[in-house]
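If you want the building blocks of each chain, they are given just below.
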Amino acid sequence: RRPGSAEASHPNPGTGSDSRCDDQSRGNLPLVASGTMSKLTAKRRLVSSTSSPLLTSSSCPVDIDRIESTAAQSLATNTSAGKEVATIPSGSSGQALSARYYYAGLCLASVGLFVVLAFTKAVYLPYTRSSGSGMDSTLSFRDPMYILGAAQRAGIIPDINRTSSSTISGPPNFNSQSQEDMERFLLHATSLETQLSLSLLYEEVAAAAHGRSSVVVHVQHGLSNRLRALASAIAFAAKTDRLLVVVWEPDIHCQAKFSDLFEYNVPGGESNPSLYLVSEYVEGLFPEPVFKVFDYMAPCGKGEFIRNSDHKHIYVQSAFVLTSDANVSEDDINRELRGLSPVNEVRRMVEETERQSKLPLSQSVGVHIREVVDQSKDVPGIQNEKSRVKDVKAMGDIASHRQRCNRAFFYKRMSKLASEDSTHDSRAAVKSNFYLSSDSTEAYEVPASLAKVMTVLHTPVALHKKCDGPAAREVPCQRLALADLILLSKTKYILTSEWSSYSEIAIRLGGHSSDAHSNGCSGAPEVREEIKQLSPGFNPKSLKNFKVEGLELIRTLVRKQAGSWLLVHVGQGAGLCALLQTLPMIKGIALESRTTLVLLWEMDVSPPDIFGTRSPADLVVTDHNLFDTLVQQQLLPSPLYLSEFPQNHGGWMEAWDSFGRTVGQGSNGEPIALVVDVSIADEVRSVEDLEAALADIDLLPCPQQWEKAQRLCAEQHDSALQQ
């Protein structure tokens, strides 16, 4: 009963026989007691199936004498777990029934009254669903086999022939992906938390038109990427009134469970009433066509449009913001993000650090330095990861971004801010006070010359040193990262690191416009200035409109540090089919000669539009007219222009042989370049051969572009055959 409510009388339960309720199974029951012994003795009652919809007619009778005899021991060992587990609803038939559930083992408790369910594992379903007839029904406690029945009713697995969970034993082997292995996973490899959420989800799917539409978001990569996808999904579910199930699976990128970082007492509990968590995952839990599947982690899947209007159950795997027709705003996402409540350990770190600050963090400048280039150090174990979603390739081209975000560039900006006259900037009052967060322990060692003119606050370096190694992604380090994230968000504005979800989440948590923050990494102005110093005769006007990637290419050539390069000029007039016909050859040349493959891209369609998140080269520079500038400034010494050779396979081989000889002989340390025009292909392949060649180098275009290319290439191939 609910505390303070009228006490209901409960008749004794039936004594029907049940194979799950023999003496042996009772003897294995873990017990959780609530209240005191005197209350326990006074309240010798059981809730029967006839008085509460929370217990079904198949519920087992419980030996109350055995419970009392073991209550003292149970109280001594489980006091912390003996919270109120549920409010038992009462009332006439048809009255809306609701239940508040809390995690407390296998116990249903209320002010000294508790009920132990004689199941080896029980499932609590904290949810009320309106039936088609308008009557509300509260899903009840089930036996271990219930989740399999729910999965079968939802079409996740075929019919179940077994009658007891005891016949399904041992760990699952998902190499075979058999039904029995899926059953083993659901019964034995999942936590109670996961079983709760999956059972609820499958019941809604099985309810078809009478059920509630759902969205399952499988968050990926590190802490900040997960939070970005999570907050977006919460906002989407709130806008669309969908049931939200979140798959937060600990892995090498984030070894912490959601409940290690944020308050979460039970699926659908008070801390996160709209959140149902799945902590374990295997392929097949959310299959098509039961779910409409979106894979934002696939090369061409990022940003795929999700239509809520289809009213289908949705499964999306993502580290990014969801794109949909639900009118979810950035403010909606940020509000949901700020609604998450960190665990006490994180809150204490935040409070202890704030107490050390002479000024409120709101009067300080935040600094986020993301400079670790070595992925095996940043994400220990990633070099051995086989999953396409979690391996090194999935991290994208981060090296150039991290190199530009070296601490030296941030120190220069911090020094400049600290030295500025306070009368010239409304933000000057905070410019000599900084809060620093970094993925590198070395970044916290601020030079003494800077320490004299500024105050730099950060969490204890000793904690960061413990995380500078194999433990980097373990629970204590993830809590430290979350505390740093919260502290960073409290500053007035932030010097951010480019291409960093951590900087993005700090801005979202702070509730500021991204325009209020600035990039602390090396940018185009610094590189332009360096080029002018290295080559005073360089025409400064020619550098004006180039982005930082193009300028860095020029700087490398000016320094004569390029080594041997294969430069591919993708001009504005280059056709999609010519580009695709050329790529297999030039990729092969670059790999065999171990040269750096650079695409000077001037096509109107961008590389991501064609290849998604995959990069077609070691470096892609999208500045128009950059190629002409390199030629005019004579930055390509002794280039071999493929366009000078006949447009046939022999011409390619002659060019390749010449390039190979030049690379082998060396060129006094100067760069060597083979410059290729993509309109020159070694041969015109059929569509089938072209598809196989592109698949070999993992550069098959995204569906829309590939469909277009197939038509063009088929026409060109037919024309070539006629010629």
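The coordinates are above.
Keep in mind it's a predicted model, so treat the numbers as computed, not measured. (Residues numbered from 1 in each chain as written. Predicted model: local features only at pLDDT ≥ 70, side-chain atom pairs only at ≥ 80, totals over all residues. Heavy atoms only, no water.)

## Some thoughts on the overall build of the chain
Line of reasoning, step 1. In terms of regular secondary structure, the chain is built from 25 helices and 21 strands.
Line of reasoning, step 2. Expressed as a percentage of the 723 residues in the chain, the buried residues total 51%.
Line of reasoning, step 3. Counted over contacts in the chain with a minimum sequence separation of 6, partners at least 24 positions apart contribute 69%.
Line of reasoning, step 4. When the accessible surface of the chain is totalled, it reaches about 32,800 Å², and 48% of it is carbon and sulfur. (Helix = DSSP H or I, 4+ residues; strand = E, 2+ residues; numbered from the N terminus. Buried < 20%, exposed > 50% of the residue type's maximum accessible area, 1.4 Å probe, protein only. Contact = heavy atoms within 4.5 Å. Areas by Shrake-Rupley, 256 points an atom, 1.4 Å probe, with all protein chains shown as cover.)

## Some words on the nonpolar core
Line of reasoning, step 1. Of all hydrophobic cores here, the largest spans 61 residues; its most connected members are L227, L230, L244, V246, W248 and F258.
Line of reasoning, step 2. Sorting elements by how many residues they give to this core places helix α7 (residues 223-240) first, with ten residues.
Line of reasoning, step 3. If you look at the next biggest cluster of nonpolar residues, it comprises 30 residues, including A151, I156, V282 and F291. (Core = buried A, V, L, I, M, F, W, Y, C linked by side-chain atoms within 4.5 Å.)

## Regarding the state of the cysteines
Line of reasoning, step 1. Counted according to the given criterion, the structure contains four disulfides.
Line of reasoning, step 2. The disulfide partner of C577 is C713, and the S-S distance across this bridge is 2.2 Å. An S-S torsion of about 135° defines the bridge between C577 and C713 as right-handed. Taken together, the residues C577 in helix α20 (residues 576-593) and C713 in helix α25 (residues 703-722) connect sequence positions 136 residues apart. (Disulfide = S-S within 2.5 Å.)

## With respect to the pattern of salt bridges
Line of reasoning, step 1. Inspection of every chain in the model, using the stated rule, returns 27 salt bridges.
Line of reasoning, step 2. For K239, the salt bridge is made with D332, and the minimal N-O distance between the two is 3.6 Å. One end of the pair, K239, is in helix α7; the other, D332, is in helix α9 (residues 330-338), and 93 residues separate them in sequence.
Line of reasoning, step 3. When its relative accessible area of 10% is taken as the criterion, D332 is described as buried.
Line of reasoning, step 4. Because the salt bridges share partners, they merge into one network encompassing R404, E498, E530, E549, E552 and R555. (Salt bridge = Lys/Arg side-chain N within 4 Å of Asp/Glu carboxyl O.)

## Concerning the packing of aromatic side chains
Line of reasoning, step 1. Following the criterion strictly, the structure yields seven aromatic pairs and no others.
Line of reasoning, step 2. Look at W248 and F258: their rings are 5.4 Å apart centre to centre, the planes differ by 70°, and that puts the pair in the edge-to-face class. Of the two residues, W248 sits in the loop between β6 (243-247) and α8 (258-261) while F258 sits in helix α8, which places them ten residues apart along the sequence. The same class applies to W248 and to F258, which are both buried.
Line of reasoning, step 3. Through successive ring pairs, a cluster of aromatic residues spans W248, F258, F262 and Y264. (Phe/Tyr/Trp six-rings, centres within 6.5 Å; stacked < 30°, edge-to-face > 60°.)

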